[in-house]
Amino acid sequence: MNTTLKSTPEGNVFDLKQTKMLKQISEDSPSKMRVFEKAYSTKSLRAAITAMCLQCVWMDTRAIRECTDTSCPLWNVRPFQTVRGK
Ligand code: SF4
């Protein structure tokens, strides 16, 4: 098992679970790395909510926009609710 902890140029170091998740994201959806790094390394609620929704539907922004689970506590504040350009 690779136990190398991931770190960023800014000096953030992620624990093993976070490193494992970041590795999976970098393979599946590298454009989503920054939001997870921000969620893991800051107290940004927006980054945390966005990362949680992305994790819930595994990086499918359309699924978040079209999410029908109104019982989810994040539903009203989920990201990607508006379509750019409309
Ligand atoms: S709002 Fe929808 S996509 Fe976001 S965490 Fe809840 S169920 Fe998942």
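Going by the structure above, here's the rest.
Along each chain, the written sequence defines residue order, and numbers are assigned to residues from 1. Per-residue local features of the predicted model are confined to residues with pLDDT of at least 70, and side-chain atom pairs are confined, for both listing and counting, to 80 or more; whole-chain, interface and lining totals are unaffected and use all residues. Remark: hydrogens and water are excluded; side-chain values derive from all non-hydrogen atoms of the structure.

Caption draft 1: Broad picture of the packing of helix α2 (residues 33-41) against helix α3 (residues 45-56). In this description, a line fitted to the C-alpha atoms serves as the axis of each element, helices being fitted only across the stretch in contact, and the angle between N-to-C directions of two axes falls anywhere from 0 to 180 degrees. Only DSSP runs of H or I covering at least 4 residues are called helices, and only runs of E covering at least 2 are called strands; the numbering of each starts at the N terminus. Where α2 contacts α3, the axes come no closer than 8 Å and their chain directions differ by 125°. Regarding the angle of α2 to α3, the classification is oblique. Helix-helix and strand crossings are classified by hand; for α2 and α3 the assignment is left-handed. On α3, the residues touching Val 35, Phe 36, Lys 38 and Ala 39 of α2 are Ala 47, Ala 48, Thr 50, Ala 51, Leu 54 and Gln 55. Amino acids are sorted into nonpolar (Ala, Val, Leu, Ile, Met, Phe, Trp, Tyr, Cys and Pro), charged (Asp, Glu, Lys and Arg) and polar (every other residue, Gly among them). Looking at the contact of α2 with α3, its residues break down into 7 nonpolar, 2 polar and 1 charged. Angles below 35 degrees are treated as roughly parallel, those above 145 as roughly antiparallel, those between 65 and 115 as roughly perpendicular, and all remaining angles as oblique. We call a crossing left-handed when the near helix sits turned anticlockwise from the far one by less than a right angle, and right-handed when that turn is clockwise. By the convention used here, residues are in contact when the closest approach between their heavy atoms is within 4.5 Å.

Caption draft 2: Representation of the pattern of salt bridges. One speaks of a salt bridge when a side-chain nitrogen belonging to Lys or Arg is within 4 Å of a carboxyl oxygen belonging to Asp or Glu. Enumeration over the complete set of coordinates arrives at 2 salt bridges. Put simply, Glu 37 and Lys 6 hold a salt bridge, and the shortest N to O gap is 3.8 Å. Of this pair, Glu 37 sits in helix α2 while Lys 6 sits in the segment before α1 (16-28); the two residues are 31 residues apart in sequence, bridging distant segments of the chain. Buried residues are those whose accessible area, probed at 1.4 Å on protein chains only, stays under 20% of the maximum for their type, while exposed residues exceed 50% and partly exposed ones sit between those limits. In this structure Glu 37 comes out as buried when scored by relative accessible area, which is 17%. Between Lys 23 and Glu 27 there is a salt bridge whose closest N-O contact spans 2.7 Å. Of the two residues, Lys 23 and Glu 27 are both situated in helix α1; the distance of 4 residues between them amounts to about one turn of the helix.

Caption draft 3: Quick peek at α3. The terminal C-alpha atoms of α3 lie 16 Å apart, and with 12 residues this matches the ideal 16 Å at 1.5 Å per residue to within 8%. Summarising the contacts, the buried residues of α3 are in contact with α2 and α4 (61-65). Positive backbone phi, approximately 40°, marks Trp 58, located one or two places after α3. A helix is expected to span 1.5 Å for every residue after the first.

Caption draft 4: How the structure looks around a nonpolar patch on the surface. Patch membership requires more than 30% relative accessible area and the absence of a salt bridge. Residues of like charge join within 9 Å; the nonpolar side chains Val, Leu, Ile, Met, Phe, Trp and Tyr join within 5 Å. Reported accessibility uses the Shrake-Rupley method at a 1.4 Å probe radius. Residues are deemed covered only where the shown protein chains occlude them. On the surface, a cluster of nonpolar side chains totalling about 260 Å² of accessible area is made up of Leu 5, Val 13 and Leu 16. The residue Leu 5 is located in the segment before α1 in this model. With a relative accessible area of 42%, Leu 5 lands in the partly exposed category.

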